[in-house]
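Descriptive analysis of the structure
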Amino acid sequence: MRANSLTKGERSFKRANIISKTFFITFNILLILYAASFLYLVFWCLMNSVKDSFYAAYYPFRLPDKLFFSNFSYAWSKISITQWNGVLQKNVTYTYWNMFFYSVCFSVGMTIMSIFTPFLAAYILARYKFPGRNFLFSMAIFIMVLPAMASLASSLYIRKQLGIYDNMLFHMITAYGGFEGNFLLLYGVAKGLSGDYAEAAKMDGAGNHTIMYRIFLPMMLPTMGALFVIGFLGSWNDYMTIITYLPSTPNLAYGVYLFKENATVNQISLPIMLSAYLIIALPTIIVWTCSQKLIRGMAVVGGLKG
Amino acid sequence: MKYKYKKQALSLGQKEKRLGLMKEKVQTYLFIAVVLAWPIVQFLVFWLYTNIQSIMLAFAKVDVDLNMTFNGLNNFKAAFADFFSKEDISLRRAFINSFTRYFATNIVTYTIPIIFGFIIFKKLPLSGIARYCVMLPSIISSMMTSLVFEQLVHSLPKLFAGLGIVVPDMLIDPAYSFQTMTFYAMWTGCTSCAIMYPNMFNSVDSQLHEAAEIDGCTMLKELWHVYIPCIWPTITTFVVTGFSSILSSPGVLFAFYGDQAPYETATYGYMVFVKSKFGGPTQYGYTAALSLMGVIIVYPLTLLIKYLMEKGDRINAS
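The model shown is predicted, which means the values in this text are computed figures rather than measured ones. (Residues numbered from 1 in each chain as written. Chains lettered and ligands numbered in written order. Predicted model: local features only at pLDDT ≥ 70, side-chain atom pairs only at ≥ 80, totals over all residues. Heavy atoms only, no water.)

**Here's the deal with the overall build of chain A**
- Per the secondary structure count, chain A includes 14 helices and two strands.
- Here the C-alpha atoms of chain A give a radius of gyration of 26 Å, more than 25% beyond the 19 Å that 2.2 N^0.38 yields for 306 residues.
- Based on the C-alpha atoms only, the size of chain A along its principal axes is roughly 75 × 70 × 40 Å.
- A burial count over chain A gives 52% of its 306 residues as buried.
- A fraction of 68% describes how many contacts in chain A between residues 6 or more apart in sequence connect residues 24 or more apart.
- For chain A, the exposed area adds up to about 14700 Å²; of that, 65% sits on carbon and sulfur atoms.
- Each charge class in chain A can be summarised by its mean position, and for the 23 positive and 10 negative side chains these summaries are 10 Å apart. (Helix = DSSP H or I, 4+ residues; strand = E, 2+ residues; numbered from the N terminus. Rg over C-alpha atoms; globule rule 2.2 N^0.38 Å. Buried < 20%, exposed > 50% of the residue type's maximum accessible area, 1.4 Å probe, protein only. Contact = heavy atoms within 4.5 Å. Areas by Shrake-Rupley, 256 points an atom, 1.4 Å probe, with all protein chains shown as cover. Lys, Arg positive; Asp, Glu negative; His and termini not counted. Charge placed at Lys NZ, Arg CZ, Asp CG, Glu CD.)

**A few points about the overall build of chain B**
- A tally of regular secondary structure across chain B gives 13 helices and two strands.
- In terms of overall dimensions, chain B is more spread out than a globule: its C-alpha atoms have a radius of gyration of 28 Å, far above the 20 Å expected for 318 residues.
- Summarising its shape, the C-alpha atoms of chain B cover approximately 115 × 70 × 35 Å along the three principal directions.
- Counting the 318 residues in chain B, one finds 49% classified as buried.
- Once local pairs closer than 6 in sequence are excluded, the contacts in chain B between residues at least 24 apart make up 67%.
- A total of about 16100 Å² of accessible surface is found on chain B, and carbon and sulfur atoms cover 67% of it.

**A word on the domain arrangement of chain A**
All names here are of chain A.
- Assigned domains of chain A: these are domain 1 (2-49) and domain 2 (81-296).
- Its C-alpha centre places domain 1 at a distance of 37 Å from the equivalent point of domain 2.
- Counting residues at the interface gives five residues for domain 1, matched by five residues for domain 2.
- Counting the surface lost from both domain 1 and domain 2, the interface buries some 460 Å², and carbon and sulfur atoms represent 81% of this.
- When the area that domain 1 buries against domain 2 is broken down by residue, the three leading residues are Cys45, Asn48 and Ser49, summing to 69%.
- Taken together, the residues that form the side of domain 1 that touches domain 2 break down as three nonpolar, two polar and no charged. (Domains from an automatic or database assignment. Buried area = accessible area lost by both parts, 1.4 Å probe. Nonpolar A, V, L, I, M, F, W, Y, C, P; charged D, E, K, R; others polar.)

**Re the interface of chain A and chain B**
- Counting residues at the interface gives 104 residues for chain A, matched by 106 residues for chain B.
- Interface of chain A and chain B: buried area, both sides summed, is about 9300 Å²; carbon and sulfur atoms make up 76% of it.
- One can count one salt bridge joining chain A with chain B.
- Summed over the shared surface of chain A and chain B, the result is 15 residue pairs in polar contact (both at pLDDT 80 or more).
- With 21 residues, helix H1 (residues 2-49) of chain A is the single largest residue contributor to the side of chain A that touches chain B.
- Looking at the side of chain A that touches chain B residue by residue, the class counts come to 76 nonpolar, 21 polar and seven charged. (Salt bridge = Lys/Arg side-chain N within 4 Å of Asp/Glu carboxyl O. Polar contact = N/O pair within 3.5 Å; in protein donor to acceptor, adjacent residues only side chain to side chain.)

**Remarks on the pairing of strand E1 (residues 81-85) of chain A**
- Here five bridges tie E1 of chain A to strand E2 (residues 90-94) of chain A, and the two strands are oriented antiparallel to one another. The residue of E2 of chain A that forms the bridge with Gln83 of chain A is Val92 of chain A. (Pairing = 2+ DSSP bridges.)

**Here we look at the domain arrangement of chain B**
- What the domain assignment reports for chain B is domain 1 (2-55) and domain 2 (89-311).
- Centre-to-centre, using C-alpha coordinates, domain 1 of chain B lies 45 Å away from domain 2 of chain B.

**Comments concerning the packing of helix H3 (residues 90-121) of chain B against helix H7 (residues 177-188) of chain B**
Residue and element names in this part refer to chain B.
- Two elements in contact, H3 and H7, have axes separated by 9 Å at closest approach and are oriented at 35°. Considering how the two elements wind past one another, H3 and H7 form a crossing that is right-handed. Together, Asn97, Thr100, Arg101, Ala104, Thr105, Val108 and Thr109 of H3 and Phe178, Met181, Thr182, Ala185 and Met186 of H7 make up the contact between the two elements.
- Of the residues contributing to the contact of H3 with H7, the split by class is six nonpolar, five polar and one charged. (Axes fitted to C-alpha atoms, helices over the stretch in contact; angles between N-to-C directions. Left-handed = near helix turned anticlockwise from the far one by under 90°.)

**Considering the confidence of the model for chain A**
- Overall, the predicted model of chain A reaches an average pLDDT of 84, with 93% of residues at or above 70.
- Taken element by element, chain A is modelled with least confidence in helix H14 (residues 292-296) of chain A, mean pLDDT 71, and with most confidence in helix H4 (residues 96-127) of chain A, mean pLDDT 92. (pLDDT = per-residue confidence, 0-100.)

**Remarks on the nonpolar core**
- Counting residues in hydrophobic clusters, the biggest one holds 187 residues, and the most contacted among them are Phe119, Tyr123, Ile124, Leu125, Phe179, Phe183 and Tyr239 of chain A.
- When near neighbours in sequence (up to four residues on either side) are disregarded, Ile124 of chain A contacts Phe130 of chain A together with Phe31, Ile32, Val35 and Leu36 of chain B. (Core = buried A, V, L, I, M, F, W, Y, C linked by side-chain atoms within 4.5 Å.)

**Comments concerning the pattern of salt bridges**
Residues and elements named next belong to chain B.
- Using the criterion set out here, one finds three salt bridges over all chains in the structure.
- When the shortest N-O distance is used, the salt bridge between Lys306 and Glu310 registers 3.3 Å. Of this pair, Lys306 and Glu310 both sit in helix H13 (residues 284-311), four residues apart, which is roughly one turn of that helix.
- Relative accessible area serves as the criterion here: at 19%, Glu310 is assigned to the buried category.

**Some points on a nonpolar patch on the surface**
- A cluster of nonpolar residues, Ile297, Leu301, Leu304, Tyr307 and Leu308 of chain B, forms a patch on the protein surface that exposes about 450 Å² of accessible area.
- Among the structural elements, Leu308 of chain B can be located in helix H13. (Patch = residues over 30% accessible without salt bridge, like charges linked within 9 Å, V, L, I, M, F, W, Y side chains within 5 Å.)

**With respect to the packing of H4 of chain A against helix H7 (residues 168-175) of chain A**
All names here are of chain A.
- For the pair H4 and H7, the least separation of the axes is 8 Å and the interaxial angle reads 25°. With respect to H7, the axis of H4 lies roughly parallel. Considering how the two elements wind past one another, H4 and H7 form a crossing that is right-handed. Contact residues: Tyr102, Cys105, Phe106, Gly109, Met110 and Met113 in H4; Met168, His171, Met172, Ile173 and Ala175 in H7. (Parallel < 35°, antiparallel > 145°, perpendicular 65-115°, else oblique.)

**Observations concerning the side chain of Arg159 of chain A**
- You can see Arg159 of chain A is positioned in helix H6 (residues 151-162).
- Of the side chains with opposite charge, Glu180 of chain A lies nearest to the buried Arg159 of chain A, which makes no salt bridge, at 9.0 Å.
- Aside from chain neighbours lying at most four places away, what touches Arg159 of chain A is Ile164, Tyr165, His171, Thr174, Ala175 and Tyr245 of chain A together with Phe46 of chain B.

**Focus: the packing of aromatic side chains**
- Enumeration according to the criterion identifies 64 aromatic pairs over all chains in this entry.
- Judged by centre distance (5.3 Å) and plane angle (80°), the rings of Phe118 of chain B and Phe201 of chain B are edge-to-face. Of this pair, Phe118 of chain B sits in helix H3 while Phe201 of chain B sits in helix H8 (residues 196-203); the two residues are 83 residues apart in sequence, bridging distant segments of the chain. For the residue pair Phe118 of chain B and Phe201 of chain B, the accessibility class agrees, reading buried in each case.
- Judged by centre distance (6.1 Å) and plane angle (90°), the rings of Tyr197 of chain B and Phe238 of chain B are edge-to-face. Pair noted here: Tyr197 of chain B is in helix H8 and Phe238 of chain B is in helix H10 (residues 219-244), with a separation of 41 residues, a long-range link.
- In this structure, Arg62 of chain A packs its charged tip against the face of Tyr59 of chain A, placed 4.0 Å from the ring centre.
- Sitting over the ring of Tyr165 of chain A, Lys160 of chain A keeps its end group 5.0 Å from the ring centre. (Phe/Tyr/Trp six-rings, centres within 6.5 Å; stacked < 30°, edge-to-face > 60°. Lys NZ or Arg CZ within 6 Å of the ring centre and 35° of its normal.)

In structure tokens, the structure reads:
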């Protein structure tokens, strides 16, 4: 009887194990196919970027018959835009290097601010008890739960009224709030850190600023570094913010957007367009490849409960 | 006398200690005030004031020189008239599209990445390479992803024509453009499995995993009974914050259509974005009214979603 029930238990475990294995093998295959679809995307771009214009138009899914690497140098020379600059009040031509400079400034600046401002709020709320702390935390949750309101119209209105519309520096400073975006994640990380080092430092006479910048900040750097990589990749390809708030400082993503928009007028063929896309994607591919270890070490925690 | 002197010295010491503690407390509060000053100022000006301004704009008329005049409920009347118009159904359609796309897309993009993320976390075969490749849409420009997708969809009719099957151009045909855009959002929306979920699983106490292993848990049961409950608060954050932007996010349409997306595929957020940005200051009042209407609808639903998600928390549910 006992042996029988044991066999039943074993049988049910075996069945559950088979179901589990089948499930994960299926999804493992799906994951590989999913990843392959993106790899194909890059391959397709590479393949078509070195084709002759006509061949690419007629046979976009065939391998190239001849390789035209000159497409890259042509694309490089063509990545420039001429448009109205609202600040200088005249038409300005932006070369690849102008846009590259704006891309670097925009990506680095925006990403640093999107991490540093929430870090300030998250650190204080996680490590200090003071009157109003719970209110501030509830407010942060409220901001996240409340739908992003008509902020676009009013944000444009306020920025124009304050005279900071179309100003990259002011946009960087004001775009990210301390209680939004990365706040919850950094709050979770700051709360989870041991206070032993801070106590020891305090006994040695360290002040609040020293504890914050020389003890907790370095401990949070792996997470912040990973957030920087993710934020940088997002900002590098962000052309919507440029269209909306910063039209006079076009970055490469915006340049490529216009490249595509004006392709017909400027007689830009598909291979040239793809070459331009690949030139622009190169820095982000390098950043992503170099930051694999950092990304893997990032802690991700954060719930909406106070 | 000796005793009195001792008592006095002690109280002096206490006084000093108390003074020192008070000084430390004041310094700490000062430090808190200094550090929090910028986040609070930023919040007051660019969140609170922006949103108050947004409410005011909904009741105002703005001219090209940004002068605001009170406009009563006219913006809301115009928005309601457009919403219930029999001739032009674009706004109504965009509203429905937003919800349909959100639910259709997110059923996939909130569930599949968890499983994919678990596979990456468990380092199953080829998952390391897959992890690298899955992030490609976030690395390369969305313009590039959309262009390749566009080319693929445009070439389908030609490919199938060879087999004698008639396939329409699914990006142009109004009967399919919405579904095609939804599919695209699903395809590019599962990339969170590469970073977020594996790292979340990594944060879970390894003792729980060991205990599950000793109890003879299968991998599927481990995922369902150990890992998902542990990361549930973070999943709740993703779902709730994602839902709250349902009527305000312009989504992926801009990369395909610019500001000219057909109404069959447009979403509410996209319409508000296009009207705010390209309609000029004279449209600010109308778009602010549209957005305010969106907030009134979405906020209670967001709270409901938050409540339901927290009810589903098997560890912390109260």
